[in-house]
Amino acid sequence: MNTANLTLYFDGQCPFCLAEMTRLRSWNKVGRLAFVDIAEPGFDPTFLGVDMTALNRELHSSTAVGEVLVGIDSMLAAYTLVGKGWFVLPLRVSFLRPPLAYLYRKFARNRYRISALLGYKPVPICKDGVCSTRHPF
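Bear in mind that the values here come from a model prediction, so they are computed numbers and not experimental data. All chains use their own residue numbering, which begins from 1 and follows the written sequence. Note on the predicted model: pLDDT of at least 70 is required for a residue's local features to be given, and 80 or more for side-chain atom pairs to be given and counted; whole-chain, interface and lining totals, by contrast, use all residues. The side-chain values count all of the structure's non-hydrogen atoms but skip hydrogen atoms and water molecules.

## What about the sheet that holds strand S1 (residues 6-10)?
Here is step 1: Strand pairing is defined by DSSP finding a minimum of two bridges between the two strands. Per the convention used, a helix needs a DSSP run of H or I reaching at least four residues, while a strand needs a run of E reaching at least two, with both numbered from the N terminus. Taking strand neighbours across the sheet as the criterion, the 4 strands line up as S2-S1-S3-S4 in an open arrangement whose pairing is mixed. Each edge of the open sheet is held by one strand with a lone partner, namely strand S2 (33-37) and strand S4 (68-70). The mean angle between the axes of side-by-side strands here comes to 25°, regardless of whether they run parallel or antiparallel.
Here is step 2: For S1 and S2, the ladder comprises 5 bridges, and the chain directions are parallel. Bridge pairing in S2 places Leu6 opposite Leu33. Note on definitions: angles span 0 to 180 degrees between N-to-C directions of axes, and those axes are lines fitted to C-alpha atoms, for helices only across the stretch in contact.

As structure tokens, then:
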């Protein structure tokens, strides 16, 4: 049973995304966040009311009461829940939200290219002789 306040649905094949989820997970000392890799075989987003295209376009999350958050709202909620809300303070400023949401969507659309430009590389994780670049959350 998931008792987290927020479940993040992230792309585990995106090196930057994986690094950010790993960082959030390290700050998640009291278990307020849960993590679901949408790139895992068999993942079905139907229960969220969205399709894989939408999930791959922007980060999605769901609250404990079933509200689905998208994009910068997911980021704001996640960082706030782990006590790092000051990291995303500009997302709270109403006149900055539209341009930041636009920039986030541009980033998300190009996340693989940007990951490579920033030097993020997929790290293979091997178990029982089978290697993957996904994090074993």
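## Digging into the environment of Leu18
Here is step 1: Here Leu18 lies in helix H1 (residues 15-27).
Here is step 2: Remark: the alpha-carbon pair of Leu18 and Tyr120, spanning 102 residues in sequence, is separated by 9.5 Å.

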